[in-house]
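Summary of the model geometry
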Amino acid sequence: FEGLVNDTYNFLVSAPGFASITHASTIQGNDISETIVLPPPTGQLRSITIRVTDGLRTIEDAGIIITGPDILITSTNTQGEALVQLVDGNYTLRVFAAPYGSVEPSIVITKDDTIEIVLSGPTVYITLSVGDFNGSPIPNATVEFYGRT
């Protein structure tokens, strides 16, 4: 990190196959160099695939924050998937992508698994005006929605 002013900075440190920790570093006028030691996982690691879609298509670069016995921050790949390793336990996911918004489901990890997350797209309104060949409105016209392609 460069250009930091004197202060205390907090970090989340994680790596696949290790337990995550938080770490604080204090800068007081001089450059610092610290070694952070990550502990081994607290249980058996499970291979978890998190697949993020909008219900039809996968979403690339969706952000994912995982909190529970482990803490991880990741994002989806070009196939809309994030591959992580987690120990058994209860977790909360925060999954977000513009312009879709975010969701925060709770999950329980007990085995290798695939988790499907669907983000809703932005609300879009359609206003239709029905007119005749001269452009005059047709009163009492009915428009019915019958699907999407």
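The sections below set out a description of the structure shown in this document. (Residues numbered from 1 in each chain as written. Predicted model: local features only at pLDDT ≥ 70, side-chain atom pairs only at ≥ 80, totals over all residues. Heavy atoms only, no water.)

Counting across every chain of the model gives six salt bridges. Salt-bridge contacts for R51 lead to E81; the nearest nitrogen and oxygen are separated by 2.8 Å. Of this pair, R51 sits in strand β3 (residues 45-53) while E81 sits in strand β6 (residues 81-87), and the two are 30 residues apart along the sequence. Its salt-bridge partner being D54, residue R57 comes within 2.9 Å of it at the nearest N-O pair. The class for D54 is buried, based on a relative accessible area of 16%. (Salt bridge = Lys/Arg side-chain N within 4 Å of Asp/Glu carboxyl O. Helix = DSSP H or I, 4+ residues; strand = E, 2+ residues; numbered from the N terminus. Buried < 20%, exposed > 50% of the residue type's maximum accessible area, 1.4 Å probe, protein only.)

Once that is clear, we can look at the nonpolar core. Core analysis: the biggest nonpolar cluster contains 21 residues, and I50, V52, I66, L86, L93 and I117 have the highest contact counts within it. Those residues in contact with I50 that lie beyond four places of it in its chain are I64, I66, T76, G80, E81, A82, V84, L93, I115 and I117. (Core = buried A, V, L, I, M, F, W, Y, C linked by side-chain atoms within 4.5 Å. Contact = heavy atoms within 4.5 Å.)

Our focus in this paragraph is the packing of aromatic side chains. Here the structure, examined in full by the defined rule, presents one aromatic pair. Where F1 meets F11, the ring centres are 5.1 Å apart and the plane angle is 35°; that geometry is what we call tilted. One end of the pair, F1, is in the segment before β1 (7-13); the other, F11, is in strand β1, and 10 residues separate them in sequence. According to the relative accessible area criterion, F11 is partly exposed, its value standing at 22%. (Phe/Tyr/Trp six-rings, centres within 6.5 Å; stacked < 30°, edge-to-face > 60°.)

Sheets are built from strands that pair by backbone hydrogen bonding, the pairs being arranged parallel or antiparallel. Read from one edge of the open sheet, three strands run β6-β3-β10, paired in mixed fashion. Each having just a single partner strand, β6 and β10 (113-118) make up the two edges of the open sheet. When the angles between neighbouring strand axes are averaged without regard to direction, this sheet yields 25°. Taken together, the seven bridges between β3 and β6 define a ladder with antiparallel strand orientation. Counterpart to S47 in the pairing with β6 is Q85. (Pairing = 2+ DSSP bridges. Axes fitted to C-alpha atoms, helices over the stretch in contact; angles between N-to-C directions.)

The pairing of strand β4 (residues 63-67) with strand β5 (residues 71-75) spans five bridges and is antiparallel. Considered in β5, the bridge of T67 is made with I71. The loop that links β4 with its antiparallel partner β5 comprises three residues.

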